[in-house]
Structure formats: C-alpha cells, structure tokens
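Each chain, letter by letter, is given below.
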Amino acid sequence: MRDAAARGRTDTASLVVAAQPDAVYRAFAEPGALMAWLPPDSMTGRVLDYDFREGGRYSIELTYDEAAPDGVGKTTGRTDVSAGRFLSLEPGKRIVQSVAFESSDASFAGEMVMTWSFEALPAGTRITITAENVPPGISQADHDAGLRASLENLARYLSGGSRSIEDLSEK
C-alpha cells in the first residue's frame, strides 16, 4: 500500500490547539465526538459504523447543506460516504487510517492514507494531518480548505466552542 500511496498527491495541514494530546486523541475515540467537529461547516455528519481500535473499520456519511449545488457529492448528489480502517492507534500521539470514497466516479477511486499526529507543546498540541494518495478528483484547493476546516472545528470543539457529545445524543 505504501508504494501506491507514494504515487498519489500528498496534502498536509497543521494547527496548534489549546488542549493536551490525550484530549485531542479522545476527540476521535467516540463517534459522537468525531461528528461534533469533523464535518465542514457546510455539511453534517453521520456515523454508519465505528470500531475505534487498531484494525477496526469505520464508515461515515457527510451531507452537504441545502445551499450547496446539487451534484457536489462524491457518492450521491449531496453526500460523501467514506469507509476505511484504523491502521495504527498510538494514544496521545498518532492515528493512521485508510480512507476510500464510495463513488462511481473513477477520479475518487483509491485508498488514501491519513495520518493525524499530535505533538505536545507548551501552548497545547500541534495537530498535523498528512493525507497520502489523495484521489485526483479532490482538488488541492478544496482539500486544503477541508483539512483546515476540520482542524479549526476540532480546535473549537476542544475549547468547548461547539456542540458536545451530550448535545448530539439529544438529536
């Protein structure tokens, strides 16, 4: 898989958040927490399957809001469904996962590998996302914006500035 990942584009983004690495890691561990921060502002998320352990599988669905034009989704006109596995989990340090989109468009085919690294700093944690083997159907500009949005949403979530897990369970 590494040889295939080396052939595709690699995108990265990084942000320092005011939280400890263990708190950042926990934001991935529960599906409700993940859906509180992962979807970009113009989307909502739903977990279809989530087995957060090394080797565990997951599947999520992101849905564009009504303001988005029809046909923007990779899976349907308004949705992106992705599935993958947790390849490596190092609590408080790193999460490596595979990601594949469900799409009939060959430009979204292939398995992307995403690594979320957490570096402890005096001011909190530097979170770095590295996405390898990015499908060519995802433009560099759109992916950069999406990665930044996820990091900013995560920072808000960790600071208490977004919905909590309890808020999501009431929906």
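Residues numbered from 1 in each chain as written. Predicted model: local features only at pLDDT ≥ 70, side-chain atom pairs only at ≥ 80, totals over all residues. Heavy atoms only, no water.

Draft legend 1. Spotlight on the overall build of the protein chain. Counting secondary structure elements, the protein chain contains five helices and seven strands. Evaluated residue by residue, the protein chain yields a buried proportion of 42% over its 171 residues. A separation threshold of at least 6 residues defines the contact pool for the protein chain, and within that pool the share at least 24 residues apart is 51%. As displayed, the protein chain offers around 8,700 Å² of accessible surface, 50% of which is attributable to carbon and sulfur atoms. (Helix = DSSP H or I, 4+ residues; strand = E, 2+ residues; numbered from the N terminus. Buried < 20%, exposed > 50% of the residue type's maximum accessible area, 1.4 Å probe, protein only. Contact = heavy atoms within 4.5 Å. Areas by Shrake-Rupley, 256 points an atom, 1.4 Å probe, with all protein chains shown as cover.)

Draft legend 2. Examining the confidence of the model for the protein chain more closely. Per-residue confidence for the protein chain gives a mean pLDDT of 86; residues scoring 70 or more make up 85%. Note on residues 1-6: pLDDT under 50 across the span, and nine contacts to partners over four residues away in sequence or across chains. For residues 163-171, every residue scores under 50 in pLDDT, and the model assigns this stretch twelve contacts once sequence neighbours within four places are set aside. (pLDDT = per-residue confidence, 0-100.)

Draft legend 3. Main features of helix α4 (residues 140-158). Here α4 spans 27 Å end to end across 19 residues, near enough to the 27 Å set by a 1.5 Å rise per residue. Those residues of α4 not exposed but buried are His-143, Leu-147, Ala-149, Ser-150, Leu-151, Asn-153, Leu-154 and Tyr-157. (Expected span 1.5 Å × (residues − 1).)

Draft legend 4. A look at the nonpolar core. In this structure, Phe-28, Trp-37, Ile-95 and Trp-116 are the most contacted members of the largest nonpolar core, which totals 36 residues. Residue contributions to this core peak at five residues, all from helix α3 (residues 31-37). Setting aside residues up to four positions removed in sequence, Phe-28 forms contacts with Leu-34, Trp-37, Tyr-50, Phe-52, Ile-95, Trp-116, Phe-118 and Leu-154. (Core = buried A, V, L, I, M, F, W, Y, C linked by side-chain atoms within 4.5 Å.)

Draft legend 5. Geometry of the pairing of strand β5 (residues 94-101). With six of eight residues buried, β5 lies mostly within the body of the structure. As judged from the six bridges shared by strand β4 (residues 79-90) and β5, these two strands associate in the antiparallel manner. Bridge assignment links Phe-86 to a residue of β5, and that residue is Gln-97. As paired strands, β5 and strand β6 (residues 112-121) are joined by six bridges and run antiparallel to one another. The partner of Val-99 across the bridge, within β6, is Met-112. (Pairing = 2+ DSSP bridges.)

Draft legend 6. Just unusual backbone geometry, in detail. In this structure, Asn-133 takes a positive phi of about 65 degrees despite not being glycine. Here Asn-133 is to be found in strand β7 (residues 124-134). Residue Asn-133 is classed as buried on the basis of its relative accessible area of 16%.

Draft legend 7. Here's a closer look at the side chain of Ser-59. In this fold, Ser-59 is placed in strand β3 (residues 57-64). Among residues more than four places away in sequence, those in contact with Ser-59 are Val-47, Leu-48, Asp-49, Val-81, Ser-82 and Ala-83.

Draft legend 8. Fine view of the side chain of Ser-98. By the element assignment, Ser-98 lies in strand β5. In contact with Ser-98, other than residues within four places in its own chain, are Tyr-58, Ala-83, Gly-84, Arg-85, Leu-87, Glu-111 and Met-112.

Draft legend 9. Layout of the environment of Leu-38. Examined against the element boundaries, Leu-38 turns out to sit in the loop between α3 and β2 (43-50). Sequence separation between Leu-38 and Ala-149 is 111 residues; the distance between their C-alpha atoms is 8.3 Å.

Draft legend 10. Up close: the pairing of β2. In the sheet, β2 pairs with β3 via seven bridges, with the strands oriented antiparallel. Bridge pairing links Val-47 to Ile-60 in β3. Linking two consecutive strands that pair antiparallel, namely β2 and β3, is a turn of six residues; a positive phi of about 90 degrees is found at Gly-55 within it.

Draft legend 11. A look at helix α2 (residues 21-29). Three or more residues of α2 are buried, namely Pro-21, Val-24, Tyr-25, Ala-27 and Phe-28. One side of α2 holds all its buried residues, which, seen down the axis, span an arc of 150 degrees. (Arc of directions from axis to C-beta.)

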